[in-house]
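Results of the structural survey
Next come the chains, spelled out residue by residue.
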Amino acid sequence: MFAKAFRVKSNTAIKGSDRRKLRADVTAAFPTLGTDQASELVPGKEELNIVKLYAHRGDAVTVYVSGGNPILFELEKNLYPTVYTLWSYPDLLPAFITWPLVLEKLVGGADLMLPGIVVPPAGLPQVQKGDLCAIVLVGNRAPVAIGVAAMSTSEMLTSGLKGRGFSVLHTYEDHLWQSGDRSSPPFIAPLTPDPPHVSEEQDDMRRLTLEGKEEENGEDQQMCGQKTLPEASEDPGNGGLNPDPADSKTLQEQMDELLQQCFLHALKCRVKKTDLPLLTSTFLGSHVFSCCPEGRQLDIKKSSYKKLSKFLQQMQQEQIIQVKELSKGVESIVAVDWKHPRITSFVIPEPSPTSQTIQEGSREQPYHPPDIKPLYCVPASMSLLFQESGHKKGSVLEGSEVRMIIINYAKKNDLVDADNKNLVHLDPILCDCILEKNEQHTVMKLPWDNLLTRCLEKLQPAYQVTFPGQEPIVKKGKICPIDITLAQRTYNKKVTVVRNLEAYGLDPCTVAAKLQQRCQASTTVTPDPGAKDSLQVQIQGNQVHHLGRLLLEEYQLPRKHIQGLEKAPKPGKKK
């Protein structure tokens, strides 16, 4: 919930009556907290503030701040403790144990999946679906996150610890924690010194399987590779490399070797000439990670390269591959020298049966459509209308923000008609901003809906696109839809052409391969003559129906972002 920055609406000192009510609410919400502890958490005289804010997804949240730290937050009339509070009262909530590697993903906005849970010797705490729980790390009882159980303990065990375990609300290092003094979790010794028990079943499936709410960079999202986590007796932060004490190589050097091994393995065994051009993200997710040996975890961030792009630049300098930016901000491998000595001399390591199963299962990362949100940009002609609210030319706003600014402007300047609240008088600024020249002296007032519609139409279009695991990208103008057309070729043969797939994070080569299988028709990927550095897919025959099912049903893209679906052949009509 607080993985991204929030917007503060107000910050006021709490009243005496509200303070007493809050203390009573705390006692009711957390019965294990005694009266003295509740009075300690919500002090009678010390400074206590109420901060009202909007989370990045629009949720209205009330935060209670004491001594500069957020101690509680309220969402939809439910009260939740922050990690600062739980460090003082670690037994306030039932606690579930996970690995340090998992915390990084939780901070990014991911939910906690059951395979990431560690079962202690005493077993899992008994909870019901919807119960509030704390999440702690192996070896320390200080909570690092809170979440709501997605199922009861008995259901967790019945499922074999598979599926979503907890919807995470707040974590150490998120923006709510950052609003406090940013102190680190204290060390609170576990109740039992015994090592956590890992069942055979959990040992087989224990992976870092965190659901796709992740808010990290897309390149970093794939760098965890979803390989087996280290054993409890190992250091979970070493990337599963398990270095021999006698080995003098540093962790970074070992990770460099592992990265190069997986890279060469992928080129020698997985990538074919027909796959080119190949998106670098697809190359990493579908080919490189699947070549990682069983029991090891490839993490590019722990290599000397830090980023995939830097590593590929190095490989390009060695003339193994050629990388080009075929569309803005999206790099692809366009050529591979399979006769290069490093590829020809590479010896493929013998995989174990288990690792073969893992590799087969991780060949292709599932596609998730981007979240596309329309925005509005303030032009110079409307800057006067928005400057009172602190915005200027070029400011980018959501539609709801624009509506609120106009409503506040009208109310602040007493423009609402006294006799008819549905009408708004137009002052000189509104007239200049939204009226046409021939209306300047004839239109004196407008209904609210007409006023707001005109205002939105006068603003410049923009949009925000967010790919799973990546930071939002804001662009001016309107996003171009995926364009499907039919073209006539020699001998009166029809072909289906689809363009602009890259804008939605789709690899044209992958789409072409899927369509070739579905349609049993030849497909080609060629440069799009109507767009610079973009590719188009051509499929023999009228395949709009198959293409529509692929985009709408499998890729889950909204219909409004696809143009040309009406060109599908009518039932009974020859393609």
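This report concerns the structure included in the present document.

What counts as what
- Residues numbered from 1 in each chain as written.
- Predicted model: local features only at pLDDT ≥ 70, side-chain atom pairs only at ≥ 80, totals over all residues.
- Heavy atoms only, no water.
- Buried < 20%, exposed > 50% of the residue type's maximum accessible area, 1.4 Å probe, protein only.
- Helix = DSSP H or I, 4+ residues; strand = E, 2+ residues; numbered from the N terminus.
- Pairing = 2+ DSSP bridges.
- Phe/Tyr/Trp six-rings, centres within 6.5 Å; stacked < 30°, edge-to-face > 60°.
- Salt bridge = Lys/Arg side-chain N within 4 Å of Asp/Glu carboxyl O.

Considerations on helix 4 (residues 100–107)
- The element helix 4 is largely enclosed, with a buried count of six among its eight residues.
- Those residues of helix 4 that sit buried are Leu 101, Val 102, Leu 103, Lys 105, Leu 106 and Val 107.
- Downstream of helix 4 by a residue or two, Gly 109 has a phi angle that is positive, lying close to 110 degrees.

As for the sheet that holds strand 20 (residues 473–476)
- One open sheet accounts for four strands, arranged 16-15-19-20; its pairing is antiparallel. Because the sheet does not close on itself, it has two edges, and the strands there are strand 16 (396–397) and strand 20.

Some remarks on the packing of aromatic side chains
- The final tally for this structure, using the stated rule, is 11 aromatic pairs.
- Geometrically, the ring pair formed by Phe 2 and Phe 73 is edge-to-face, given 5.4 Å between the ring centres and 85 degrees between the ring planes. In this pair, Phe 2 sits in the segment before strand 1 (7–13) while Phe 73 sits in strand 4 (residues 69–75), placing the two residues 71 residues apart along the sequence. Taken as a pair, Phe 2 and Phe 73 share a single burial class, namely buried.
- Centroid distance Phe 96 to Phe 166: 4.7 Å. Interplanar angle 55 degrees. Geometry classified as tilted. Of this pair, Phe 96 sits in strand 6 (residues 95–98) while Phe 166 sits in strand 11 (residues 164–171), and the two are 70 residues apart along the sequence.
- A relative accessible area of 1% places Phe 96 in the buried class.
- Since its relative accessible area comes to 1%, Phe 166 is described here as buried.
- Taken together through their ring pairs, the aromatic side chains of Phe 2, Phe 6, Phe 73 and Tyr 80 make up a single cluster.

Details of the pattern of salt bridges
- The tally for this structure, following the rule as stated, stands at 14 salt bridges.
- For the salt bridge of Glu 398 with Lys 373, the shortest nitrogen-to-oxygen distance reads 3.2 Å. Note that Glu 398 is positioned in the loop between strand 16 and helix 15 (399–412) and Lys 373 in strand 15 (residues 371–377), a separation of 25 residues in sequence.
- A relative accessible area of 24% means that Lys 373 is categorised as partly exposed.
- For Arg 499, the salt bridge goes to Asp 483, with nearest N and O atoms at 3.7 Å. Of this pair, Arg 499 sits in strand 22 (residues 494–499) while Asp 483 sits in strand 21 (residues 482–488), and the two are 16 residues apart along the sequence.
- Judged by relative accessible area, which is 23%, Arg 499 ranks as partly exposed.
- Looking at Asp 483, the relative accessible area reads 18%, which means it is buried.

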